[in-house]
Amino acid sequence: MDRTIAGIFWILLYLAVVTVPVFLMLVPPVPSGRGFWLEFSVALGFAGLTQIGLQFLLIARFKRVTAPYGIDIILRYHRQIAMVAVAAVVLHPLILVIDNPSRLKLLNPLGGNWASRFALLSLLVLLITVAASVYRERLRLDYELWRLTHIGLGVAAIVFAQLHASMAGLYINTPWKQAIWIVMAAAMVGFIMYLRLLKPIRQEAYSWRVVETRDEGGDTTTLVLEADGHGGTKFQPGQFAWIKLSDSPFTLEEHPFSFSSSAETTKRIEFGIKALGDFSAAVADVRPGTPAYVDGPHGAFSMDRYEAAGYIFFAGGVGITPFMSMLRTMADRNDPRPVLLFYADRSLDETAFRKDLDELQEKVDLEVVYVLEEPPEDWDGEEGFITPEVLDRRLPDEGFERDCMICGPPPMMDAVHEALLQRGVPQDRIQIERFALA
Amino acid sequence: MRHILANIMTYAVAVLLFSGAAAFAWMRSAQLTIAGEESIIARYQPAEALTFEWHDLGRASYQRNCMNCHRSDGSGWDQYPPVTNAAEFLASPQGRDYLIDLHVYGLTSSRWRAPMPPMGHILDVELAAVINWIATEFGAAADSDLLVPADVAARRGLGLSPAAVETRRPPVGPTGPR
């Protein structure tokens, strides 16, 4: 309930911040009203500027703000609403020119004035930012390079946009209005400073140290960290953290991984990492003693958040890691609730944590159903994917008092989600981890 | 479940932003102007044409609509021209028409790179008042040269383009308008 109240509170505060500029625009002295399309265009410009400013708040990883929703939701919202903001910003000059074609000359960098030049710069930077983000993988942009330019371009976009509004805005027509807008824009840019400068300074006092790396099979490595003279971190099983493996916490090389260890141990934490990219592939070779910095816990994919009489877990590949944490936590807590785990992967050799799962079956009421795409010849378990037929064969016949949790590749999650809904599982009994944080 | 709610939230905020912008524009374009029209006409209509109280209205209108580009002292900046020569235009019939036209229809010219936006949505009284105020505050316009609302009303409905206004600019003399 507290979470619901907090969630509603932050949404209301957000909506208030979104609408503040409108009220500010209507505080006298207000310019004379003009035609509808001109005013609409101006309103879109201000709405876009405010939204772009708020993007910095969304990505600053404030735990208290993000916890009610899960930070994955916030970051996805960031990607979605940024598109809406850019659409508003693009429409702003478009409507102006259609409304009065003599304004076309403002679009010529040499023909306009400084206000229009900063507007053009801001728009250009925004479009580059969007293109680089949407097509990052197709352009083969290095992730750290993208992150650095994304920050730089974002700051440039809002600085140019604010300069444009300050110079051109009939609505920013007094020194105090000017001051409010500039302070607001600066505060938004300050959030990125918080994430990339202040947070690392705090992380320096809460450093971790790599004590061990363990091969779990299937190209998956467990990274074991120990707290360096502090109390560690409390988390819920299934949550994740951003990890830096570097001498300095100011590095931009930072990746999110799910905790895979028991939440009952806070000073020694583990992460299951599958070799999928440069960073994750290098984890297997990290030497013990390497300093590490942990930004977490984040995320809302945890059994502790969804109380139920029992659970059905659906893991696809490395999606097993949050469930490892949940199962190990259940073992430590002597949790008697039944768990059915569907674990889909290519082949038996690529299936990580098999030994650990065998051991956990002795401590937890756990049944594991492996679903293998390429099973060995003597395999008598499930084959292929987690299809509706597999579910019909294996799902317990108990009227779904259990909570279903799904973590894996998006097509697998969508298919399982759809199949569960068809089998009468209520929507709020299905939790999905969409771990696309980039 | 969270993801579905989050998607609804995104759509809701997007709709809120765009419909809010439209509502704002509707209010600013129709509602406020109409409300302003009634109150302004009520205030000025009974006045004698030549003695209408333009000073306070002109100053307030200048602060609202002109000051951002033309500056508080009328000196202009960057690509926005100074407005300190308005009195010289008021002295000739062609200059008066040009001065009113550029407010009603806007102006584009090669002399200044920023176009003057059309201000025709502003009422006759307010346009006459602000031009009078500029011409006396930043210049020394003769009382007999000052505009009355009917002068502005007479220039409406001509359908001029901002470029056409430029072609009607009176010739430039050594002491005449720049």
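Because the structure is predicted, anything quoted here is derived from the model rather than measured.

Cut-offs used in this document
Residues numbered from 1 in each chain as written. Chains lettered and ligands numbered in written order. Predicted model: local features only at pLDDT ≥ 70, side-chain atom pairs only at ≥ 80, totals over all residues. Helix = DSSP H or I, 4+ residues; strand = E, 2+ residues; numbered from the N terminus. Expected span 1.5 Å × (residues − 1). Bend = angle between axes of the 7 residues up to and from the residue. Buried ≥ 20, exposed ≤ 12 C-beta atoms within 10 Å, placed from the backbone. Pairing = 2+ DSSP bridges. Axes fitted to C-alpha atoms, helices over the stretch in contact; angles between N-to-C directions. Contact = placed C-beta atoms within 7 Å. Parallel < 35°, antiparallel > 145°, perpendicular 65-115°, else oblique. Nonpolar A, V, L, I, M, F, W, Y, C, P; charged D, E, K, R; others polar. pLDDT = per-residue confidence, 0-100. Arc of directions from axis to C-beta.

**Examining helix α1 (residues 2-25) of chain A**
Taking 1.5 Å of rise per residue, 24 residues should cover 34 Å, and α1(A) covers 35 Å from first to last C-alpha, within 8% of that figure. Largest kink in α1(A): about 35°, centred on Thr19(A), with the proline Pro21(A) one to four residues after it.

**Observations regarding the pairing of strand β6 (residues 291-298) of chain A**
All names here are of chain A. Burial of β6 is extensive: 7 of the 8 residues sit out of reach of the surface. Sheet topology note: the strand β1 (residues 208-215)/β6 ladder contains 2 bridges and is antiparallel. Across the sheet, residue Arg 209 finds its bridge partner in β6, namely Pro 291. Of the pairings in the sheet, the one linking strand β3 (residues 240-245) to β6 comprises 5 bridges and is antiparallel in character. Bridge pairing in β6 links Leu 245 to Ala 292.

**Examining the sheet that holds β1(A)**
Residues and elements named next belong to chain A. Strands sit in the order β4-β3-β6-β1-β2-β5 across an open sheet of 6 strands; the sheet is antiparallel. Strands at the two margins of the open sheet, each flanked by one partner only, are β4 (255-258) and β5 (268-274). Neighbour to neighbour, the strand axes of the sheet diverge by 40° on average, direction disregarded.

**Things to note about the environment of Ala141(B)**
Tracing the chain through its elements places Ala141(B) in the loop between α6 (124-137) and α7 (149-154). Not counting chain neighbours up to four residues away, the residues in contact with Ala141(B) comprise Ala87(B), Leu90(B), Ala135(B), Thr136(B) and Leu146(B).

**A look at the packing of helix α6 (residues 143-168) of chain A against helix α7 (residues 175-205) of chain A**
All names here are of chain A. Two numbers describe how α6 lies on α7: the axes approach to 10 Å, and their chain directions differ by 180°. Taken together, the axis directions place α6 and α7 in an arrangement best described as roughly antiparallel. Counting all contacts with α6, which are made through Ile 151, Val 155, Ile 158, Gln 162, Ala 165 and Ser 166, the residues of α7 involved are Gln 178, Trp 181, Ile 182, Ala 185, Met 188, Val 189 and Ile 192. Its residues assigned to classes, the contact of α6 with α7 comprises 10 nonpolar, 3 polar and no charged.

**Some words on the interface of chain B and chain A**
Each partner contributes to the interface: chain B provides 36 residues, whereas chain A provides 40 residues. Mapped by element, the contributors of at least two residues to the side of chain B that touches chain A are α1 (2-44), α2 (55-65), α3 (67-70) and α8 (162-167) of chain B. Tallying contributions element by element places α1(B) first for the side of chain B that touches chain A, with 18 residues. Residue composition of the side of chain B that touches chain A, grouped by class: 19 nonpolar, 12 polar and 5 charged.

**So, the confidence of the model for chain B**
A low pLDDT score tells you not to read the predicted coordinates there in detail. All names here are of chain B. For chain B, the average pLDDT comes to 82, and 83% of its residues sit at 70 or higher. Within chain B, helix α5 (residues 93-105) carries the highest mean pLDDT (93), whereas α1 carries the lowest (77). Here the prediction assigns the complex a pTM of 0.77, and the interface score ipTM is 0.80.

**What to know about helix α12 (residues 410-422) of chain A**
Residues and elements named next belong to chain A. In a regular helix each residue adds 1.5 Å, so 13 residues correspond to 18 Å; α12 covers 18 Å between its end C-alpha atoms and thus fits that length. For α12, the full list of buried residues reads Met 412, Met 413, Val 416 and Leu 420. End-on view of α12: buried residues confined to an arc of 95°, all on one side of the axis. In α12, the exposed positions that point more than 90 degrees away from the buried face belong to Pro 410, Pro 411, Asp 414, Glu 418 and Gln 422. Tucked into the core, α12 has its buried residues touching β7 (311-316), β8 (339-345), β11 (403-407) and β12 (430-432). Backbone geometry just downstream of α12 places Gly 424 in the positive-phi region, at approximately 85°.

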